[in-house]
Amino acid sequence: MKKSIKTRLLVLAFVGICVFSFIPAVYGLKQGVNVNIRPIDDWVVNNPFGIGVPWETAYVGGDGKGNHYWMWIDSLFGAFTGNLYEYSGYVKEKVLRDGSIEITVNLFVKDIYIEMYDALYDENGDPIWSMQYFGDTGDLLSFGYANYYFRLKFILDAEYDGYEPWGIPPGTREAGCMLPYFDAISYIPEEMGIHLKSLMLIGMGNAYTYEPGWRWPAPGEPFPPDAVLDGGTVKVFFLHLAEFDDQIGGGFPGWGYWPFGSSSDFFMNTIRIFNLKY
């Protein structure tokens, strides 16, 4: 059974690698009257994390064996580490008959910093996947670097109502318009005329493990020596797939689809750590 599971994951990883290698070739696509291929920076300029709401780039998932994890991913410009990462991709823009605009974001990032935490569990033994009452992280399991491919599809209405609390007036969109902030996609899609359709995140990397039970020191306490690392290395694989129907499924009011994978719209939210020592 274990070999079968690993085989399927390796196949998925291979598919992901194939997708990664395809991305640069898209710039050679012929553009049609209603289709435009835009640079990925048109998305990144408003979304420096690329794959989520700023400071809330947590993806959650399980490994099918009763283990559940939180995975935090750095921004493309090193909000957590100060590192600048290599990324590529494109944005496909298609103007539909009613004037609305279908957007597909394709983003590939190499060797970006990630952290993996154990989930906390409630009194029923279920993983706690809501920051509304999460309030803390579980034990830090590992940190490392991963390659990932991210695809997000949504539709922008030609007209939108705006959102007064954020100081956004009503407006009109045309091809080449500014792409929305992830905040608007997650929290105020109705007001901004945004219809989220699908999300995919697939990646793999290497990580270093920590001693069991190790936690980040409290503010003001000295950082412990490097001995907290137990010297182990692991493989990390993650795959998140979701399809949306304009309804926030499984989320809590005001928190949209975050943390990603906690919504019932995700039919795949796998995070697996291989060869963990403990």
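All residue numbers refer to positions counted from 1 along the written sequence of the respective chain. With pLDDT at 70 or above as the cut-off, local features in this predicted model cover only qualifying residues; side-chain atom pairs require 80 or more to be listed or tallied, and sums for whole chains, interfaces and linings still use all residues. The side-chain quantities take in all heavy atoms of the structure and omit both hydrogens and water.

**A few points about the pattern of salt bridges**
Stage number 1. What makes a salt bridge here is a side-chain nitrogen of Lys or Arg within 4 Å of a carboxyl oxygen of Asp or Glu, nothing more. For the structure shown, the criterion picks out two salt bridges.
Stage number 2. Of the charged contacts in the structure, one is a salt bridge between Arg38 and Asp42, with a shortest N-O distance of 2.9 Å.
Stage number 3. Between Arg38 and Glu93 there is a salt bridge, with the nearest N and O atoms lying 2.6 Å from each other. Of the two residues, Arg38 sits in strand S1 (residues 35-39) while Glu93 sits in strand S4 (residues 86-95), which places them 55 residues apart along the sequence. Each member of the pair Arg38 and Glu93 is classed as buried.
Stage number 4. Each member of the salt-bridge network shares a partner with another, and the members are Arg38, Asp42 and Glu93. Helix numbering and strand numbering both begin at the N terminus, where a helix is a DSSP run of H or I of at least 4 residues and a strand a DSSP run of E of at least 2. To sort residues, take the accessible area from a 1.4 Å probe on protein chains only and compare it with the maximum for the residue type: under 20% means buried, over 50% means exposed, and anything in between is partly exposed.

**Some points on the nonpolar core**
Stage number 1. Take the buried residues of types Ala, Val, Leu, Ile, Met, Phe, Trp, Tyr and Cys, join any two whose side-chain atoms come within 4.5 Å, and each joined set is a nonpolar core. The biggest cluster of nonpolar side chains holds 61 residues, and the ones touching the most others in it are Trp43, Tyr148, Phe150, Leu152 and Phe154.
Stage number 2. No other element matches the ten residues that strand S5 (residues 101-118) contributes to this core.

**Focus: the confidence of the model for the protein**
Stage number 1. Averaged over the protein, the pLDDT score is 81; the fraction of residues at 70 or greater is 72%.
Stage number 2. Counted against residues more than four places away or in other chains, residues 22-29, with its pLDDT under 50, gives ten contacts.
Stage number 3. Confidence per residue, as judged by the predictor, is encoded in pLDDT with a range of 0 to 100. The contact criterion used throughout is that any non-hydrogen atoms of two residues lie within 4.5 Å. Segment residues 248-253 is flagged for pLDDT under 50; beyond a separation of four residues in sequence, or across chains, it makes 15 contacts in the model.

**Some thoughts on the packing of aromatic side chains**
Stage number 1. Working definition: rings of Phe, Tyr and Trp (its six-membered ring) pair if their centres are within 6.5 Å, and the pair is stacked with planes under 30 degrees apart, edge-to-face with planes over 60 apart, and tilted otherwise. Taken as a whole and judged by the stated rule, the model has twelve aromatic pairs.
Stage number 2. Measuring from ring centre to ring centre gives 5.7 Å for Phe143 and Tyr208, while their planes differ by 35°; the resulting arrangement is tilted. You can see Phe143 sitting in strand S6 (residues 140-156) and its partner Tyr208 sitting in strand S9 (residues 194-210), a full 65 residues away along the chain.
Stage number 3. Residue classification places Phe143 among the buried residues on the basis of a relative accessible area of 18%.
Stage number 4. What makes Tyr208 partly exposed here is its relative accessible area of 44%.
Stage number 5. Three or more aromatic residues joined by ring pairs form one cluster here, namely Trp43, Tyr59, Phe154, Phe182 and Phe260.

**Examining the environment of Ser198**
Stage number 1. Secondary-structure assignment places Ser198 in strand S9.
Stage number 2. Separated by 45 residues in the primary sequence, Ser198 and Lys153 have C-alpha atoms spaced 5.2 Å apart.
Stage number 3. Not counting residues up to four positions away in its chain, the partners in contact with Ser198 are Arg151, Leu152, Lys153, Ala242, Glu243 and Phe244.

**What about the pairing of S4?**
Stage number 1. A pair of strands counts as paired when DSSP detects no fewer than two bridges linking them. As defined by bridge partners, S1 adjoins S4 across five bridges and the pair is classed as antiparallel. Each bridged residue has a counterpart across the sheet, and for Arg38 the counterpart in S4 is Val91.
Stage number 2. One ladder, built from ten bridges, connects S4 with S5; its direction is antiparallel. Bridging from a neighbouring strand, Val91 pairs with Val105 of S5.
Stage number 3. Linkage of S4 to S5, two consecutive antiparallel strands, is achieved through a turn of five residues, within which Gly99 is found at a positive phi near 95°.

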